[in-house]
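One letter stands for each residue in the lines below.
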Amino acid sequence: MTLLNNSTALVVIEQDATGFSPINLKVMGAIECLRKFTRLTVDLLVVGKDCTAVAETAARIPGIRQVLVADGSGGEHQLSEALSPWLADLAFAYDYLVMGSTTFGKNLLPRVAALMDIQPVTDVVAIESTNTFQRPIYAGNALMRVMTDQATTLLSIRASVFTAVRFGELVAPVIAIAPPPAQVLSRLLSQQQVQVYTERPELTAARVVVSGGRGLQSGDNFQLLYQLADKLEAAVGASRAAVDAGFAANDIQVGQTGKVVAPELYIAVGLSGAIQHIAGMRDSKVVVAINKDPDAPIFQVADYGLVADLFTAIPELIELL
Amino acid sequence: MKILVAIKRVVDPVVRVRPLVDGNGMDIAKARTVTNPFCEIAVEEAVRLKEQGVATEVVVVSIGPPSVQEQLRNALALGADRALHIQTDSSLEPLSIAKVLRVIVSQELPQLILLGKQSIDGDHNQTGQMLAALCGYPQGTFASHIDYKKDEVWVTRELDSGLETLALALPAVITTDLRLNQPRFPTMPNIMKARQKPLEIIALETISMDVQPRLQTLAVEAPKLRQQGVKVVDVAELVDKLRQEAKVL
Ligand SMILES: Cc1cc2nc3c(=O)[nH]c(=O)nc-3n(C[C@H](O)[C@H](O)[C@H](O)COP(=O)(O)OP(=O)(O)OC[C@H]3O[C@@H](n4cnc5c(N)ncnc54)[C@H](O)[C@@H]3O)c2cc1C
Ligand SMILES: Nc1ncnc2c1ncn2[C@@H]1O[C@H](COP(=O)(O)O)[C@@H](O)[C@H]1O
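Note on numbering: residues in each chain are counted from 1, in written sequence order. To label them, take the chains in the order written and letter them from A, then take the ligands in the order written and number them from 1. Per-residue local features of the predicted model are confined to residues with pLDDT of at least 70, and side-chain atom pairs are confined, for both listing and counting, to 80 or more; whole-chain, interface and lining totals are unaffected and use all residues. Side-chain numbers come from the whole structure's heavy atoms, not from hydrogens or water.

(A) Summary view of the overall build of chain B. Only DSSP runs of H or I reaching four residues or more are called helices, and only runs of E reaching two or more are called strands; each is numbered from the N terminus. Along its length, chain B carries six helices and 13 strands. Dimensions of chain B, computed from the C-alpha atoms along their principal axes, are close to 65 × 45 × 40 Å. Throughout, exposure labels follow a simple rule: accessible area from a 1.4 Å probe, protein chains only, divided by the maximum for the residue type, with under 20% read as buried, over 50% as exposed, and the rest as partly exposed. Within the span of chain B, comprising 249 residues, buried residues form 56% of the whole. Two residues form a contact once any of their heavy atoms are found within 4.5 Å. Of all intrachain contacts in chain B linking residues separated by at least 6 positions in sequence, the fraction that spans at least 24 positions is 68%. Only the protein chains shown count as covering a residue, and every accessible area follows the Shrake-Rupley method with a 1.4 Å probe. Here chain B displays about 11,100 Å² of accessible surface, and carbon together with sulfur accounts for 51% of that area.

What follows is the structure in structure tokens.
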């Protein structure tokens, strides 16, 4: 393991309905891994409209040189048509451009990459050197180790597998830069933000996740899971079948094509454990499965399996907690 | 209005695939293949837009070995009008696929370009965004609803934080999510008819493009397997185990 000289990284800070997204702290966890192999100077980038509060929060992340804040109407709603050419120009000056592998990062990073004529490495789950990374393929049935020696290394980070950094005491300088210019290719018409449960943790950041599947039979029955989640201070997830059937909102789908979670405790209720679902929760520390079918594949990945009817088991569980 | 749909041939998602023991790739030589599920949804959406009288022509394109013609014929049977097979035996990275598709776009000049949001083998989720960048077109990724207006298209996108609807200028690139529609199955008469529809084969080399891989694959390995745990007899034992043994409560 040779420590390469100095390199520079630009990390794009993600914003959510509350402002600074907790995902950023995990992405910075990946940056910490990269620091094992190179002396890294890190700049954070906050872009949007009225985003100075986010920049001030980001400035409390330890070990960074500065926060670049680009505040203005061109970056409003962070549309990729506006952000990508502007970001490509900025990123050429860095050795690494890094963001989370969220719908925000997935939408933006490839577009920036193409403008830079660079093939990015997306969904990074392990950093093995300055230029060698692992990423899952085939719904996590395999891990691919890839090496890149392009001018800038573009990475999207699968946040769930990295350890979040903590805010520090020091505050890094916040430097204003020119925001992206306005563009006419796209505009936001509406946002249907799902209810933000302030009393409940965010799905990808939660210590405990309770997920339900088609076995729940209805959206009303999902209330059972919310009651259980309240007891455990857990977030609620769902299988694709449950989302498709309208029992749960699309943004809580866990799996290959939904969110990837890795909580300390994952409780799978009334879901069969299709490979595409397991792709989204296989890195959880402890997995509990509750299913009435003793042969459900979810039991193959569960540390504790309970063969039972969920409609009796879940109320009992709520009672006992 | 012309629609171009890019489709990929992949291993059937129900097949459990494993890496080869030598780490040089996946053990899939004999695995059943299908059209990437997200691409099926893209074809279905294009066909529906044609049925609604919005689109006048649906062209499907696939880049790969001769076997991808099976997926192209299937798309023709579902209602596409014409197919393009870009023939190559190498497997290309998303950036290269996007570069090739851009050449096709510049020849066909479609108003809408539909792709799947991700191919379920490489799980890249990149090609549509890259194609949009190279063409200088707007992008509507992870679409769960598409509304074609006169001079723009409205796309509802599935995000980590809910949904958002964008208005995109035309031409535009859209990548499909699972809830956009429920694809139909081809009927026997349509499968027969599809045999007569035009399928043009174009050698990749004739599209002079830089398609050299940028990433070097060092190995493909199996992930750590989860150990199968124990069955508990009742809820009380479960709670006890979670408290005393796993210590997560
Ligand atoms: C391209 C592609 C991408 C996909 N992406 C995802 C993804 O991201 N996430 C995802 O989850 N899926 C995804 N899927 C779908 C996946 O293949 C499965 O179809 C889906 O996960 C099944 O959901 P389920 O387990 O809830 O339903 P089912 O498979 O129907 O399972 C329901 C389970 O509930 C149990 N049950 C029923 N009643 C009770 C009861 N009263 N008490 C206890 N147990 C009960 C049954 O025994 C059964 O095991 C994808 C599929 C494809 C093709
Ligand atoms: N070889 C290919 N031929 C045609 N289209 C492709 C090919 N590879 C990827 N695509 C398109 O790009 C989408 C996203 O793929 P990916 O970026 O690989 O996840 C797919 O759903 C297809 O629509």
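(B) Spatial organisation of the sheet that holds strand β13 (residues 230–232) of chain B. Here we have six strands laid out as an open sheet, ordered β15(A)-β14(A)-β16(A)-β17(A)-β18(A)-β13(B), and parallel in their pairing. Each edge of the sheet is formed by a strand with only one pairing partner; in this case those strands are β15 (235–238) of chain A together with β13 of chain B. Taken over all neighbouring pairs, the strand axes of this sheet differ in orientation by 20 degrees on average, direction set aside. A pair of strands counts as paired when DSSP detects no fewer than two bridges linking them. As defined by bridge partners, strand β18 (residues 304–307) of chain A adjoins β13 of chain B across three bridges and the pair is classed as parallel. Bridging across to β13 of chain B, tyrosine 304 of chain A finds its partner in valine 230 of chain B. The axes used here are C-alpha line fits, helices contributing only the stretch in contact, and every angle between their N-to-C directions lies in the interval 0 to 180 degrees. In this fold helix α5 (residues 222–232) of chain A packs onto β14 (208–212), β15 and β16 (265–269) of chain A, with an angle of close to 170 degrees to the strand it touches most, β14 of chain A.

(C) Region of the structure containing the site of ligand 2. Residue and element names in this part refer to chain B. Throughout this document, a residue counts as near a molecule or strand when at least one of its heavy atoms sits within 4 Å of that molecule or strand. Around ligand 2 there are 17 residues in total, and Ala6, Ile63, Ser119, Asn125 and Thr127 lie nearest to it. Pairs of N or O atoms are called polar contacts if they sit within 3.5 Å, as long as, within protein, a hydrogen donor faces a hydrogen acceptor (for residues adjacent in sequence, only side-chain-to-side-chain pairs). One of the side-chain N or O atoms of serine 119 is found 2.6 Å from an oxygen atom in ligand 2. Note that an oxygen atom of ligand 2 is positioned 3.0 Å from one of the backbone N or O atoms of glutamine 126. For ligand 2, whose accessible area on its own is 480 Å², the fraction buried by protein is 97%. Counting residues per element, the shell around ligand 2 draws most heavily on strand β4 (residues 57–64), at three residues. Note that Gly is not counted as nonpolar here; it falls among the polar residues with everything else outside the nonpolar set of Ala, Val, Leu, Ile, Met, Phe, Trp, Tyr, Cys and Pro and the charged set of Asp, Glu, Lys and Arg. A per-class count over the shell around ligand 2 returns seven nonpolar, nine polar and one charged.

(D) Looking closely at the interface of chain B and chain A. With 81 residues of chain B at the interface, the matching set in chain A holds 85 residues. Once two parts are joined, some of their accessible surface, as seen by a 1.4 Å probe, is lost; buried area is that loss totalled over both. Summed over both partners, the interface of chain B with chain A buries about 7,100 Å², with 53% contributed by carbon and sulfur atoms. A pairing counts as a salt bridge when a side-chain nitrogen of Lys or Arg comes within 4 Å of a carboxyl oxygen of Asp or Glu. Seen at the junction of chain B and chain A, the total is six salt bridges. Arginine 179 of chain B is the partner of aspartate 244 of chain A in a salt bridge, and the nearest nitrogen-oxygen pair spans 2.8 Å. In this assembly, chain B and chain A are joined by 47 residue pairs in polar contact (both at pLDDT 80 or more). A class-by-class count of the residues in the side of chain B that touches chain A yields 42 nonpolar, 17 polar and 22 charged. The pairing of strand β13 (residues 186–193) of chain A with strand β9 (residues 162–169) of chain B spans seven bridges and is classified as antiparallel. By the bridge assignment for β9 of chain B, serine 190 of chain A is matched with threonine 165 of chain B.

(E) Highlighting the pairing of strand β10 (residues 142–148) of chain A. Across the seven residues that make up β10 of chain A, a large majority, five, are buried. Where strand β9 (residues 132–137) of chain A meets β10 of chain A, six bridges bridge the pair, whose relative direction is antiparallel. In the sheet register, proline 136 of chain A faces β10 of chain A, and the bridge partner there is leucine 143 of chain A. Once β9 of chain A ends, the chain turns through four residues before running back antiparallel as β10 of chain A, passing tyrosine 138 of chain A with a positive phi of about 50 degrees. Bridge count for β10 of chain A against strand β12 (residues 215–221) of chain B is six bridges, and the pairing is antiparallel. Within the sheet, the bridge partner assigned to threonine 148 of chain A lies in β12 of chain B and is leucine 215 of chain B.

(F) Spatial organisation of empty space enclosed by the protein. Cavities and pockets were defined on a 1 Å grid built over protein atoms only: a cavity is a set of grid points that admits a 1.4 Å probe from which the probe cannot escape, a pocket is an open set flanked by protein on both sides within 12 Å along at least five of seven lines, and lining residues are those with an atom within 4 Å of any such point. Grid points are joined across faces, edges and corners, and a volume is the space filled by probe spheres set on the points. Counted under the stated rule, the structure contains six cavities of 30 Å³ or more. Each pocket or cavity is described by its volume, and for the largest cavity that value is around 520 Å³. Lining the largest cavity are 34 residues, with Ser101, Lys106, Gly258, Lys259 and Val260 of chain A positioned closest to its centre. Those elements that place two or more of their residues in the lining of the largest cavity are α1 (23–35) and α4 (103–116) of chain A together with β8 (152–159) of chain B. Partitioned by chemical class, the residues of the lining of the largest cavity number eight nonpolar, 14 polar and 12 charged. The volume enclosed by the second largest cavity comes to roughly 120 Å³. For the second largest cavity, the lining is made up of 14 residues, of which Tyr138, Ala139 and Asn141 of chain A together with Pro13 and Ile120 of chain B are closest to its centre. Going through the elements one at a time, α7 (275–278) of chain A together with β2 (9–11) of chain B are the ones with two or more residues in the lining of the second largest cavity. An automatic or database domain assignment supplies the residue ranges for each domain. Residue assignment places the lining of the second largest cavity across two domains, with domain 1 (6–176) and domain 2 (203–320) of chain A each supplying three or more.

(G) Geometry of the pattern of salt bridges. Tallied over the full model, the rule gives 32 salt bridges over all chains. A salt bridge links aspartate 230 of chain A to arginine 200 of chain A, with the nearest nitrogen and oxygen atoms 2.5 Å apart. Taken together, the positions of aspartate 230 of chain A in helix α5 and arginine 200 of chain A in the loop between β13 and β14 put the pair 30 residues apart, joining distant regions of the chain. Overall, aspartate 230 of chain A belongs to the partly exposed group, its relative accessible area being 45%. Residues joined by salt bridges that share partners form a network here, namely Asp117 of chain A together with Lys99, Asp210 and Arg214 of chain B.

(H) Spatial organisation of the site of ligand 1. Close contacts around ligand 1 come from 29 residues, with Arg214, Ser239, Ser272, Gln276 and Asn291 of chain A the closest. Taken together, the residues near ligand 1 originate from chains A and B. Contact between ligand 1 and arginine 214 of chain A: an oxygen atom at 2.7 Å from a side-chain N or O atom of the residue. Here an oxygen atom of ligand 1 sits 2.9 Å away from a polar atom, N or O, in the side chain of histidine 277 of chain A. Residue assignment for the shell around ligand 1 shows that the elements contributing at least two residues are α6 (240–244), α7 and α8 (310–320) of chain A. The class makeup of the residues in the shell around ligand 1 is 11 nonpolar, 13 polar and five charged.

(I) Up close: the nonpolar core. Think of a nonpolar core as a cluster: buried Ala, Val, Leu, Ile, Met, Phe, Trp, Tyr and Cys residues, connected wherever their side-chain atoms sit within 4.5 Å. Of all hydrophobic cores here, the largest spans 56 residues; its most connected members are Phe222, Met281 and Ile290 of chain A. Once residues lying within four places of it in the same chain are set aside, the contact partners of isoleucine 290 of chain A are Ile267, Ala268, Val269, Gly270, Leu306, Ala308, Leu310, Ala313, Ile314 and Leu317 of chain A together with Leu238 of chain B. Ala88 and Ala91 of chain A together with Leu92 and Leu95 of chain B belong to the second-largest nonpolar core, a separate cluster that totals 54 residues.

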